[in-house]
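Chain and residue survey
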Amino acid sequence: MAKSPSKSGTIDLPALFEAAAQRLLLSVRQGRLLHKTKNIRDAGLPLEVEFRSFLGSRLPAPFTVSSGYLFDPRSVCTPQIDAIVVDGTESHELMRSDDGAAYVPYPSGRTLFEIKNSTRGLGAHVAQVKIVGAAIDKMRADAATLRGNSGAPFVERPLSVLVVGDSEGAKLSQFKKIYTSRLIDPALTILLDRGVIIGRRGAMEEFFVYSERDGVNVPFALDFLSFRSSGEWAIWEPEVKDNKSGRALLWLYFSIVAQLNWAVRGNQGTIRDFTNQVARDFPMILKTTLSAATKW
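Residues numbered from 1 in each chain as written. Predicted model: local features only at pLDDT ≥ 70, side-chain atom pairs only at ≥ 80, totals over all residues. Heavy atoms only, no water.

**Description of unusual backbone geometry**
Cis geometry marks the peptide bond from Ala61 to Pro62; its omega dihedral reads 10°. With respect to the helices and strands, the residue Pro62 is situated in the loop between helix 2 (45–56) and strand 1 (63–71). The linkage connecting Asp185 with the following residue, Pro186, adopts the cis geometry, with an omega of 5°. As for its placement among the helices and strands, Pro186 is situated in the loop between helix 4 (172–178) and strand 7 (188–191). Phi angles above zero are rare outside glycine, and Ser75 is one such case at about 75°. With respect to the secondary-structure elements, Ser75 resides in the loop between strand 1 and strand 2 (81–87). In this model, Asn243 sits at a positive phi of 55°, which is unusual for a non-glycine residue. (Helix = DSSP H or I, 4+ residues; strand = E, 2+ residues; numbered from the N terminus.)

So, in C-alpha cells, the structure goes:
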C-alpha cells in the first residue's frame, strides 16, 4: 500500500504554460513547412488547431471552443472566426459545416480569437478582427431596439484577441500606425514568441494594485478588465523573466476566465478570488507605452 505524501506538492504554473506555449510555437513551424509547399490555405491551420485544443481543454463547463460563425435572426453572419469561446447554456448550435465550423447565435460568443502565424500582413489581421466586431455591434444594436425595460439581461460585448505566434521582424512603426486611440478590436494582442501583450492602460491601474504598484517604485500591472478603458496602448511583459512565453499565455488564459466570470456571472463567481490572485502573483507589467516604444 502506497504511503500518503507527508508534504504538500507544488504545481509550477509558469512552466506548465511554457510547455503549452512551446507546443503552440512548434505548430507555427509546422505551418511554415506547409507554406513552403505552396499550401498557403492550410499553413495557418496547425496553430489554429493547437490553440483551440489548448484553450478548449482548460475552460470549465459550459464553455467550449470552436471555429465558426456568429449569426442573428435576420440570417446575417459574421466572417469566419478562428476560435470562439461559446457559452454552452446559450449556444443553440443550428448548423455545422463539413470542416467543423459551428454556427451559433451571437450572444453565445463570449471571446473571439484571430490566430496568425506571424505579423506579416498585420493590417489585414487587425482589419479582420474589426470587421467581426463591427458585425456583432450591429447585431447588438438591432436587439437593443426591442428591449422592453431597463431590467432586461445585458449582453456583454465579446472580448477580441489577436494571437500571433512568431513576431520576428515585426516593426513597431507598423503597430503604432494601426493601434490608434480609435481602435477597439482586438482588445488584446499576444506576441507569443516574445512573451508580450499589447493592451490598453486602465484608468484605475494604480488602484488595481497589489504590492503597492505606483508606477515609480513598482511598475503598473495590466488589469484583466483594462480592455474596457480608453487608455493608451502599451506593451506589457512578465514581471519575472523566465518562461516569458508561458507567463504571457498564463496571464491571457486567466484574463479570459475573469472575463467569462464577468460576462456570465456579473463578476460574482467564486473564481474571482483565484483570478485576482493570479493577477497579483503573475502580473504583466508596463514595459512602455506603444507610442513611446523604441524597441521590443
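There is more to say, and it comes next.
**Here's the deal with the pairing of strand 4 (residues 102–105)**
Here strand 4 shows two buried faces, one formed by Ala102 and Val104 and the other by Tyr103 and Pro105. Here strand 1 runs beside strand 4; their pairing, made up of four bridges, is parallel. Among the inter-strand pairings, Phe71 is bridged to a residue of strand 4, identified as Pro105. Judged from the two bridges that link them, strand 3 (residues 95–96) and strand 4 form a sheet pairing that is antiparallel. What sits directly across from Met95, in strand 4, is Tyr103. With antiparallel pairing between neighbouring strands as the criterion, strand 3 and strand 4 make up a hairpin whose turn holds five residues, including Gly100 at a positive phi of roughly 90°. (Buried < 20%, exposed > 50% of the residue type's maximum accessible area, 1.4 Å probe, protein only. Pairing = 2+ DSSP bridges.)

**What about the sheet that holds strand 7?**
Read across the open sheet, the ten strands follow the order 3-4-1-2-5-6-7-8-9-10; overall the sheet is mixed. Two strands bound the open sheet, and with one partner strand each, they are strand 3 and strand 10 (284–289). For strand 2 and strand 5 (residues 109–118), the ladder comprises four bridges, and the chain directions are antiparallel. Bridge assignment links Ala83 to a residue of strand 5, and that residue is Phe113. Where helix 3 (residues 122–144) meets the sheet, it contacts strand 1, strand 2, strand 5 and strand 6 (159–166), and its direction lies at approximately 165° from that of strand 5. (Contact = heavy atoms within 4.5 Å. Axes fitted to C-alpha atoms, helices over the stretch in contact; angles between N-to-C directions.)

**Details of the packing of helix 5 (residues 244–265) against helix 6 (residues 271–281)**
At a closest axis distance of 10 Å, the pairing of helix 5 and helix 6 adopts a crossing angle of 150°. When the interaxial angle is binned, helix 5 and helix 6 end up roughly antiparallel. Like other packed secondary-structure pairs, helix 5 and helix 6 cross with a definite hand, here left-handed. Residues Leu250, Phe254, Val257, Ala258 and Asn261 of helix 5 form the contact with helix 6, whose own contacting residues are Ile271, Arg272, Phe274, Thr275 and Val278. Of the residues assigned to the contact of helix 5 with helix 6, the class counts are seven nonpolar, two polar and one charged. (Parallel < 35°, antiparallel > 145°, perpendicular 65-115°, else oblique. Left-handed = near helix turned anticlockwise from the far one by under 90°. Nonpolar A, V, L, I, M, F, W, Y, C, P; charged D, E, K, R; others polar.)

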